[in-house]
Amino acid sequence: MLNIDINPLLEKLYFFASTIESSSSVFPKNSPIPLRFLVKDDIINFCGYIFTKTTKDEEEFEVEFLNQFLGITITAKNFQRLRADRILGTDFENKIPPSLVYFVKNDLLPEAEKVGYKMSVARYYINAFNNVGCAFLAYNGINEQEAAKLSKYITMMSDYVNQYNVDHIAGGNRYTMSSDTESVSDSKISGNVIISNAPDNKYKDNGSLLQNGTAENNKGKTDEEKLEEYMNELNSLIGLSNVKEEILKQVNLVKISSIRKKMGLKVPDISYHLVFSGNPGTGKTTVARLLSKIYQALGVVSKGTFVETDRSGLVAGFVGGTAEKTTEIINTAIGGVLFIDEAYSLTNASTNEDFGPEAIDTLLKRMEDDRSDFIVIAAGYTEPMKDFVESNPGLKSRFSKFIEFTDYNPAELKKIFDHFCQQHDFYLNAEADEYVTKYLENLYFNKDNDDTFGNARTVRNYFERCIERQASRIVQHPNLDQNVLTTFRIEDVTEDIKLY
């Protein structure tokens, strides 16, 4: 169970602000407003943005929150005027808080000069804002519109911070990356079922598409600390902005419910079952595995176990065998997440003797019976997944939330390639870099005519071909120094394809 106390969060945030102001070169020395006060002002504006007034009593609750936790004196009338002057009718949802800019500038300083050199203070800033927002909204009830605005604004700030790669600059370790076919650390693999204990698992995954951060062992850490680390991992994924926003909205609803329970207020039931739809290689498995850890840190599930399977892991070829096989898989996933890849194949019966519906019936019953400690994420191509959910009233009632994983755009595909290079100590010379950029653009704009296009998987396969060509080129090189071994030249990256 999370124990969100925003007072220590704010105190640490103000401490960072004061230290940046006094000992860093990034904040103007002649500023009439201390950075600490600028942070507080940005929090007030932020709360004014996410607040959606429905009754006068709710507005009074929110004003009471601001006065109590921010140490200010503001009336409901003044809060209305503030929202009218600064928020309503403006493009506030796309405006970076002015104080965040200074936190990012601090992260970009050389280590000896910046505050919090072992961590990103900009990332801490965002986490603090998110928790303050959850506590603020908990005061008047769970409002889907407010939760959506909160998640949208936090995601906007995260996207801004991500472009500066502050997690890596602040000293974070890099994530491991590998293909789906490689082993998952600390996992049991049997047939087409992969079981991993998510909280302690330093996972590997093709969709890793992970930029930078930490994946350290979490023993001894509080649930709040684990959650912060897992959310930082989520935010370090390349692209997937809409996915991050939707996951954050789910997380914030849980946080708000937790706060309301402690206040003795009523909370509605929340469904955690999800459909992940999209093309291959867009990070669905990566996010699902990470989400199992997030749900465990939130107290939604007890263990954080992640079980990955598909039709072959659920369906047997004889009468009665499917229910038994499906039950066995579900039992291993209790306390965590069951991830079903290409779930639509359970309803794509080629004959009347197909046993897919038996697996679905068994699954639906357990989703209801064990709903307090069992989550199912069904994944696959977008249109087939829509048909899958519509095929059965039970599926439609339990899978009410779709999260779409869109294809990576050319710039993101290039980031993925660059990340592979960084992870494996390669770099592109200027000519090769220009070619790779054009080649990936060509792949993207012709993907509708290419059944083999697989987003990150395609990039990974291309990267591996580049390694092979480079190895063949330099194998008999007379002087295999570090420069020769790590450089991709134009002949290493060139494919047998005409670029348009």
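Just so it is clear, the structure is predicted and the values come from calculations on it, not from any experiment.

**Points about the overall build of the chain**
Here comes step 1: Within the chain, the regular secondary structure consists of 21 helices and 9 strands.
Here comes step 2: About 22,400 Å² of surface is accessible on the chain, with carbon and sulfur atoms providing 49% of the total.

**With respect to the packing of aromatic side chains**
Here comes step 1: Inspection of the entire model under this criterion finds 28 aromatic pairs.
Here comes step 2: Measuring from centroid to centroid gives 5.6 Å for Phe46 and Tyr153, while their planes differ by 35°, and the two rings are tilted. Taken as a pair, Phe46 in helix H2 (residues 35-50) and Tyr153 in helix H7 (residues 144-162) lie far apart in primary sequence, 107 residues in all. Pair check on accessibility: Phe46 and Tyr153 agree, each one buried.

**Considering the pattern of salt bridges**
Here comes step 1: If you walk through the whole model with that rule in mind, you get 21 salt bridges.
Here comes step 2: Between Arg469 and Glu495 there is a salt bridge, with the nearest N and O atoms lying 2.6 Å from each other. With Arg469 in helix H19 (residues 456-474) and Glu495 in the segment after helix H21 (490-493), the pair connects residues that are 26 residues apart, well separated along the chain.
Here comes step 3: A relative accessible area of 25% means that Arg469 is categorised as partly exposed.
Here comes step 4: One network of salt bridges, with partners in common, ties together Glu246, Lys249 and Lys401.

**Side note on the layout of surface pockets**
Here comes step 1: Size it by volume and the second largest pocket reaches roughly 650 Å³.
Here comes step 2: Lining the second largest pocket are 24 residues, and of these Asp269, Ile270, Tyr272, Arg371 and Ser372 sit closest to its centre.
Here comes step 3: Looking at the lining of the second largest pocket, the elements that each hand over two or more residues are helix H10 (241-262), helix H14 (356-369), strand S6 (374-380) and helix H16 (393-398).
Here comes step 4: Here the element with the most residues in the lining of the second largest pocket is H10; it accounts for 4 residues.
Here comes step 5: Broken down by class, the residue content of the lining of the second largest pocket amounts to 11 nonpolar, 7 polar and 6 charged.

**Focus: the environment of Ser241**
Here comes step 1: Following the sequence through the fold, Ser241 ends up in helix H10.
Here comes step 2: Take Ser241: its relative accessible area is 30%, and that puts it in the partly exposed class.
Here comes step 3: Measuring from C-alpha to C-alpha, the distance between Ser241 and Met156 comes to 8.6 Å, with 85 residues separating the pair along the chain.
Here comes step 4: Residues within four places of Ser241 in sequence aside, it is in contact with Thr155 and Asp159.

**Regarding helix H5 (residues 98-107)**
Here comes step 1: Burial of H5 is extensive: 7 of the 10 residues sit out of reach of the surface.
Here comes step 2: All buried positions along H5 are accounted for by Ser99, Leu100, Tyr102, Phe103, Val104, Asn106 and Asp107.

**Things to note about the packing of H2 against H5**
Here comes step 1: Close contact between H2 and H5 brings their axes to 8 Å; oriented N to C, the two are set at 130°. Comparing the axis directions of H2 and H5 gives the class oblique. Residues Leu35, Leu38, Val39 and Asp42 of H2 pack against Pro98, Ser99, Tyr102 and Phe103 of H5.
Here comes step 2: Split into classes, the residues belonging to the contact of H2 with H5 amount to 6 nonpolar, 1 polar and 1 charged.

**Re the nonpolar core**
Here comes step 1: With 117 residues, the main nonpolar core has Ile43, Phe103, Ile247, Phe276, Ile294, Tyr295 and Phe417 as its most contacted residues.
Here comes step 2: It is helix H6 (residues 121-138) that provides the largest number of residues to this core, a total of 13 residues.
Here comes step 3: Once residues within four sequence positions are removed from consideration, Phe276 is found in contact with Ile247, Lys284, Val287, Ala288, Leu291, Phe339, Ile377, Ala378, Ala379, Gly380, Ile403 and Phe405.
Here comes step 4: Core analysis: the second largest hydrophobic core is formed by 26 residues, Ile330, Val376, Met385 and Phe399 among them.

**Comments concerning the environment of Thr458**
Here comes step 1: Examined against the element boundaries, Thr458 turns out to sit in helix H19.
Here comes step 2: In the structure, Thr458 is positioned 177 residues away from Gly281 in sequence and 7.8 Å away in space, judged by C-alpha atoms.
Here comes step 3: With near-sequence residues (within four places) excluded, Thr458 lies in contact with Leu443, Thr452 and Phe453.
Here comes step 4: Within the structure, the side chain of Thr458 is placed 2.5 Å from the backbone nitrogen of Gly454, a separation counted as a polar contact.

**Considerations on the confidence of the model for the chain**
Here comes step 1: Scored by pLDDT, the chain has a mean of 83; 84% of the residues are at 70 or more.
Here comes step 2: Segment residues 198-216: pLDDT under 50, and 99 contacts once partners within four positions in sequence are set aside and those in other chains are kept.

**Remarks on the pairing of strand S5 (residues 336-341)**
Here comes step 1: Taken across its 6 residues, S5 has 5 buried, putting it largely inside the fold.
Here comes step 2: Sheet topology note: the strand S4 (residues 305-309)/S5 ladder contains 5 bridges and is parallel. Each bridged residue has a counterpart across the sheet, and for Val307 the counterpart in S5 is Leu338.

**A closer look at the packing of helix H18 (residues 430-445) against H19**
Here comes step 1: Where H18 meets H19, the closest approach of the two axes is 12 Å, and the angle between their N-to-C directions is 140°. For the pair H18 and H19, the crossing hand works out as right-handed. Contacts from Tyr435, Val436, Tyr439, Leu440 and Leu443 of H18 reach H19 at Thr458, Val459, Tyr462 and Arg465.
Here comes step 2: Classifying every residue of the contact of H18 with H19 by side-chain character gives 7 nonpolar, 1 polar and 1 charged.

**Let's talk about the side chain of Asn127**
Here comes step 1: Within the fold, Asn127 resides in helix H6.
Here comes step 2: Not counting chain neighbours up to four residues away, the residues in contact with Asn127 comprise Glu228 and Asn232.

**Quick word on H6**
Here comes step 1: If you check H6, its first and last C-alpha atoms are 26 Å apart, about what 18 residues at 1.5 Å a residue would give, namely 26 Å.
Here comes step 2: In terms of residue burial, H6 counts as a mostly covered element, since 18 of its 18 residues are buried.

**Here we look at unusual backbone geometry**
Here comes step 1: Even without being glycine, Asp425 reaches a positive phi, approximately 60°.
Here comes step 2: Structurally, the position occupied by Asp425 is in the loop between helix H17 (410-423) and strand S8 (427-428).
Here comes step 3: We classify Asp425 as exposed; its relative accessible area is 55%.

How each quantity is defined
- Residues numbered from 1 in each chain as written.
- Predicted model: local features only at pLDDT ≥ 70, side-chain atom pairs only at ≥ 80, totals over all residues.
- Heavy atoms only, no water.
- Helix = DSSP H or I, 4+ residues; strand = E, 2+ residues; numbered from the N terminus.
- Areas by Shrake-Rupley, 256 points an atom, 1.4 Å probe, with all protein chains shown as cover.
- Phe/Tyr/Trp six-rings, centres within 6.5 Å; stacked < 30°, edge-to-face > 60°.
- Buried < 20%, exposed > 50% of the residue type's maximum accessible area, 1.4 Å probe, protein only.
- Salt bridge = Lys/Arg side-chain N within 4 Å of Asp/Glu carboxyl O.
- 1 Å grid on protein atoms, 1.4 Å probe; cavity = no way out; pocket = protein on both sides within 12 Å on 5 of 7 lines; lining within 4 Å.
- Points joined across faces, edges and corners; volume = space filled by probe spheres on them.
- Nonpolar A, V, L, I, M, F, W, Y, C, P; charged D, E, K, R; others polar.
- Contact = heavy atoms within 4.5 Å.
- Axes fitted to C-alpha atoms, helices over the stretch in contact; angles between N-to-C directions.
- Parallel < 35°, antiparallel > 145°, perpendicular 65-115°, else oblique.
- Core = buried A, V, L, I, M, F, W, Y, C linked by side-chain atoms within 4.5 Å.
- Polar contact = N/O pair within 3.5 Å; in protein donor to acceptor, adjacent residues only side chain to side chain.
- pLDDT = per-residue confidence, 0-100.
- Pairing = 2+ DSSP bridges.
- Left-handed = near helix turned anticlockwise from the far one by under 90°.
- Expected span 1.5 Å × (residues − 1).

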